[in-house]
Amino acid sequence: MKKAGVFGAMAVLAVSLFAGCGEAKLPEGFQEETVKEEAMKSISFFNERDYESIIEMGSEKLKKGITEEQFADACDPYLDKCGKFKEVQKTAIVGGTDKGEGIDYATVVMVGAYEEGKIQFTISFDEDMELIQFLIK
């Protein structure tokens, strides 16, 4: 299935970025409010099906790892099934250091309520506030 392949590729990208990392409070240099605002911005793009803008928020590695069409193939079914976005119900923000890559990161997990269900977002940013992970389930 094509959708599974895209998410598999994104999961592999995420695992390679965060292998051997422990979760912790945000590393120095990250501002919780900025991280939250950028995550909400990416969710707004998702809700508008503006996948190109999500990709543009990304690091070079993310930009090379997925196309707008792959994003649409993976994400459109969630939006089709869940309907219109209502609100974010839960938010958790953590950080860590990828020892292999030598980068600090911040991860936001948000649960969005939609007319017909919920979507969980896992969104990560590097030290430059470039998107390095955008996963939904």
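As shown above, the structure is provided for reference.
Residues numbered from 1 in each chain as written. Predicted model: local features only at pLDDT ≥ 70, side-chain atom pairs only at ≥ 80, totals over all residues. Heavy atoms only, no water.

Undergrad: When you look at the environment of D80 in this model, what are you seeing that I'm missing?
TA: Here D80 is to be found in helix α5 (residues 68-82). What makes D80 exposed here is its relative accessible area of 55%. Once the C-alpha coordinates of D80 and E116 are considered, the two residues, 36 residues apart in sequence, prove to be 9.6 Å apart. (Helix = DSSP H or I, 4+ residues; strand = E, 2+ residues; numbered from the N terminus. Buried < 20%, exposed > 50% of the residue type's maximum accessible area, 1.4 Å probe, protein only.)

Undergrad: Help me out: how do you make sense of the packing of aromatic side chains in this one?
TA: Here a ring pair, both rings aromatic, is described through the centre-centre distance and the interplanar angle of the planes. All chains considered together, the criterion is met by 6 aromatic pairs. Between F46 and F134, the aromatic rings sit 6.0 Å apart at their centres with planes inclined by 45 degrees, giving tilted as the arrangement. Taken as a pair, F46 in helix α2 (residues 32-47) and F134 in strand β4 (residues 131-136) lie far apart in primary sequence, 88 residues in all. Each member of the pair, F46 together with F134, is buried. When the ring of Y51 is compared with that of F71, the centres are 5.7 Å apart and the planes differ by 10 degrees; the resulting orientation is stacked. Note that Y51 is positioned in helix α3 (residues 51-56) and F71 in helix α5, a separation of 20 residues in sequence. Clustering of aromatic rings is evident, with ring pairs tying together F46, Y51, F71, F121 and F134. (Phe/Tyr/Trp six-rings, centres within 6.5 Å; stacked < 30°, edge-to-face > 60°.)

Undergrad: Is there a simple way to think about α5 in this case?
TA: Along an α-helix, residues three or four apart share an orientation, since each turn contains 3.6 residues. With 15 residues, α5 should cover 21 Å at 1.5 Å per step; its first-to-last C-alpha distance of 21 Å lies within 8% of that length. The sharpest bend along α5 reaches about 35 degrees and sits at C75, with the proline P77 one to four residues further on. Among the residues making up α5, those that are buried are F71, A72, A74, C75, L79 and C82. Once α5 ends, the next one or two residues include G83, with phi positive near 80 degrees. (Expected span 1.5 Å × (residues − 1). Bend = angle between axes of the 7 residues up to and from the residue.)

Undergrad: Would you take a moment to explain the sheet that holds strand β1 (residues 85-98) for this structure?
TA: Strand pairing in a sheet relies on backbone hydrogen bonds. The paired strands run either parallel or antiparallel. If you trace the 4 strands from one edge of the open sheet to the other, you get β1-β2-β3-β4, paired in antiparallel fashion. Both edges of this open sheet fall to β1 and β4, since each of them pairs with a single strand only. Taken pair by pair, the neighbouring strands of this sheet meet at an average axis angle of 15 degrees, ignoring direction. Pairing analysis gives 10 bridges linking strand β2 (residues 103-114) to strand β3 (residues 117-126), with the strands arranged antiparallel. Each residue of the ladder has a partner; that of T107, found in β3, is S124. (Pairing = 2+ DSSP bridges. Axes fitted to C-alpha atoms, helices over the stretch in contact; angles between N-to-C directions.)

Undergrad: When you look at the pattern of salt bridges in this model, what are you seeing that I'm missing?
TA: Pairs can form between side chains of opposite charge whenever their charged atoms are close. Inspection of every chain in the model, using the stated rule, returns 5 salt bridges. Between R49 and D76 there is a salt bridge, with the nearest N and O atoms lying 3.3 Å from each other. Here the residue R49 occupies a position in the loop between α2 and α3, and D76 occupies one in helix α5, the gap between them amounting to 27 residues. Exposure remark for R49: the relative accessible area of 34% places this residue in the partly exposed category. For K61, the salt bridge identified is with E101, shortest N-O distance 3.9 Å. One end of the pair, K61, is in helix α4 (residues 60-65); the other, E101, is in the loop between β1 and β2, with 40 residues separating them in the sequence. (Salt bridge = Lys/Arg side-chain N within 4 Å of Asp/Glu carboxyl O.)

Undergrad: What exactly am I supposed to notice about the nonpolar core here?
TA: Generally speaking, a soluble globular protein has its nonpolar side chains buried in company with each other. Among the nonpolar cores identified, the biggest contains 29 residues, and F46, F121 and F134 are the most heavily contacted of them. Within the residue set of this core, elements represented by two or more residues are α2, α3, α5, β2, β3 and β4. Those residues in contact with F46 that sit more than four places away from it in its chain are Y51, I54, C75, Y78, L79, Y114, I119, F121, F134 and I136. (Core = buried A, V, L, I, M, F, W, Y, C linked by side-chain atoms within 4.5 Å. Contact = heavy atoms within 4.5 Å.)

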